[in-house]
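# Close look at the chain arrangement
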Amino acid sequence: MDQIADFDSFYTLKLAPHIDQLRAECKTADNWGIVGLVSFLMGIVILFFGLQLKLLKGYEGFLFIVMVLPIVSLVKYAQKNDIFKRDFKEFIIKEIINNISPGIIYKPDESITEREYKASSLFRRYFDYFDGSDYMAGVINNVSFHCSEICTQYDDVNRQRTIFKGLFFVVKINDRFTGGTYVWARGEEQLPATISDERYLLMPMPRIHDIRFQDKDFEHYFRVCTTYESQAMEILSPAFRQQMINLRQHSRSLAAFSFVAGHCYFAFPASQDLLEPSDYDPGDKEEIRKYYVNVALILGIIKQLGLSHIV
């Protein structure tokens, strides 16, 4: 497929033909939501006048009918909203991905696996909930990768607390890198404060030790621990460390990396879902431009890191 470099042309040629359909699907879902809200409020009014003020005779029949409507509306809203989201990702997000980097596989309802998340040791806190979406896989600059958005949480008394929310990447590197090297954002190290933390709160990982590079800029942002010092020194070359610094500064996020048993894992926190339809007009060009920029940033991470020396 020929790439269209200019966003305005891309929008007109590839996205605009689908906008009317998406707007109609979004409106249908919203209408069901409105019906549900109005019927719920009507039920409260009927209950108030009939039960409290006793001004409405036979209110029970009206109440039953009105209270059934919110349930039906909720079901219909969920169905119609799912259709809208499915088509939005098919007609908008997938087209954007194909234009920016042809050949990338996109599966909006899939994600990286729990096994990969655990193997990385980037976030060691035991989790109760694991959710993900917007899976992408392919090859960029001879680097084979897959990634997705994920969110992990744990139960804490009467609330759920987030462990990680954002982008998570997996890259296959050379099998000769058999050790484990962990590059955590400084201040976010996944190390136990107490024996109790290690035993009850944190998922297991190999025994590791600190390694220093006499690189003040790098160590300002990252702390490195490893099981195999010579491999860590080879992986974290001066050029690669500079790339990691650049990426950290550009993304302004507490990025973390690990290199474990022939795989490279890296994660970038994000406060919002990057590729989910927003509450705005689904055909708004400037909103869609944001998705275009987000996809370019996601796929650009692989290019910017430059992992060719370890694949």
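So, here is what we can say about the structure in this document. (Residues numbered from 1 in each chain as written. Predicted model: local features only at pLDDT ≥ 70, side-chain atom pairs only at ≥ 80, totals over all residues. Heavy atoms only, no water.)

### Details of the state of the cysteines
- Following the criterion strictly, the structure yields 0 disulfides and no others.
- Among the cysteines around Cys147, which has no disulfide bond, Cys264 carries the closest sulfur, lying 12 Å off.
- Not engaged in a disulfide, the cysteine Cys225 finds its nearest cysteine sulfur in Cys264; these two sulfurs lie 16 Å apart.
- The class of Cys225 is buried, set by a relative accessible area of 2%. (Disulfide = S-S within 2.5 Å. Buried < 20%, exposed > 50% of the residue type's maximum accessible area, 1.4 Å probe, protein only.)

### Points about helix α8 (residues 285–305)
- Across its 21 residues, α8 extends 30 Å between first and last C-alpha, which sits within 8% of the 30 Å expected from 1.5 Å per residue.
- Residue Leu299 marks the point of greatest curvature in α8, where the axis turns by about 30°.
- Within α8 the residues assigned to the buried category are Glu287, Ile288, Tyr291, Tyr292, Asn294, Val295, Ile298, Leu299, Ile301, Ile302 and Leu305.
- Of the residues one or two after α8, Gly306 is the one with positive phi, at around 65°. (Helix = DSSP H or I, 4+ residues; strand = E, 2+ residues; numbered from the N terminus. Expected span 1.5 Å × (residues − 1). Bend = angle between axes of the 7 residues up to and from the residue.)

### Observations regarding the pairing of strand β9 (residues 263–269)
- Counting buried residues in β9 gives 5 out of 7 residues, a clear majority hidden from the surface.
- Alignment of strand β4 (residues 159–172) against β9, held across 7 bridges, turns out to be antiparallel. In the sheet register, Val171 faces β9, and the bridge partner there is Cys264.
- Note that strand β8 (residues 256–260) and β9 share 5 bridges and pair antiparallel. Within β9, the residue paired with Phe257 across the bridge is Phe266.
- The turn joining β8 and β9, which pair antiparallel and follow one another in sequence, is formed by 2 residues; a positive phi near 50° is taken by Ala261. (Pairing = 2+ DSSP bridges.)

### Some details on the nonpolar core
- One finds Phe169, Phe257, Phe259 and Phe266 to be the most contacted residues of the largest nonpolar core, which totals 62 residues.
- Leaving out residues up to four positions away in the same chain, Phe266 has contacts with Leu122, Leu167, Phe168, Phe169, Val171, Ala256, Phe257, Ile301, Ile302, Leu305 and Leu307.
- Core analysis: the second largest hydrophobic core is formed by 19 residues, Leu122, Phe168, Tyr182 and Val260 among them. (Core = buried A, V, L, I, M, F, W, Y, C linked by side-chain atoms within 4.5 Å. Contact = heavy atoms within 4.5 Å.)

### Brief notes about the environment of Thr226
- On the secondary structure map, Thr226 appears in strand β7 (residues 222–226).
- Counting along the chain gives 34 residues from Thr226 to Val260, while the straight-line C-alpha distance between them is 9.7 Å.
- Leave out the neighbours within four places in its chain, and Thr226 touches Gly180, Thr181, Ile208, His209, Ile211 and Ala232.
- Looking at Thr226, its side chain comes within polar contact range of the main-chain nitrogen of Tyr228, at 3.0 Å. (Polar contact = N/O pair within 3.5 Å; in protein donor to acceptor, adjacent residues only side chain to side chain.)

### Points about a nonpolar patch on the surface
- Among the surface-exposed residues, Leu37, Phe40, Leu41, Ile44 and Met67 lie close enough to one another that they form a single nonpolar patch of about 450 Å² accessible area.
- For the nonpolar patch, the element with the highest residue contribution is helix α1 (residues 7–52), accounting for 4 residues.
- Examined against the element boundaries, Leu37 turns out to sit in helix α1.
- Residue classification places Leu37 among the exposed positions, given a relative accessible area of 52%. (Patch = residues over 30% accessible without salt bridge, like charges linked within 9 Å, V, L, I, M, F, W, Y side chains within 5 Å. Areas by Shrake-Rupley, 256 points an atom, 1.4 Å probe, with all protein chains shown as cover. Salt bridge = Lys/Arg side-chain N within 4 Å of Asp/Glu carboxyl O.)

### Looking at the pattern of salt bridges
- The tally for this structure, following the rule as stated, stands at 18 salt bridges.
- Note that Asp273 is salt-bridged to Lys165, the shortest N-O span being 2.7 Å. Taken together, the positions of Asp273 in the loop between β9 and α8 and Lys165 in strand β4 put the pair 108 residues apart, joining distant regions of the chain.
- A salt bridge links Arg241 to Asp215; its shortest N-O distance comes to 3.0 Å. Placement of the pair is Arg241 in helix α7 (residues 238–251) and Asp215 in the loop between β6 (209–210) and α5 (216–221), with a sequence separation of 26 residues.

### Side note on the environment of Arg252
- Mapped onto the secondary structure, Arg252 falls in the loop between α7 and β8.
- Along the backbone, Arg252 and Phe218 are 34 residues apart, and their C-alpha atoms lie at a distance of 15 Å.

### Here we look at α7
- The end-to-end C-alpha distance of α7, which contains 14 residues, comes to 20 Å, matching closely the 20 Å that a straight helix rising 1.5 Å per residue would cover.
- For α7, the complete set of buried residues consists of Phe240, Arg241, Met244, Ile245, Leu247 and Arg248. For α7, the buried positions fall inside an angular range of 165° around the axis, keeping them on one side. In this structure, α7 carries Pro238, Ala239 and His250 as exposed residues pointing more than 90 degrees from its buried face. (Arc of directions from axis to C-beta.)

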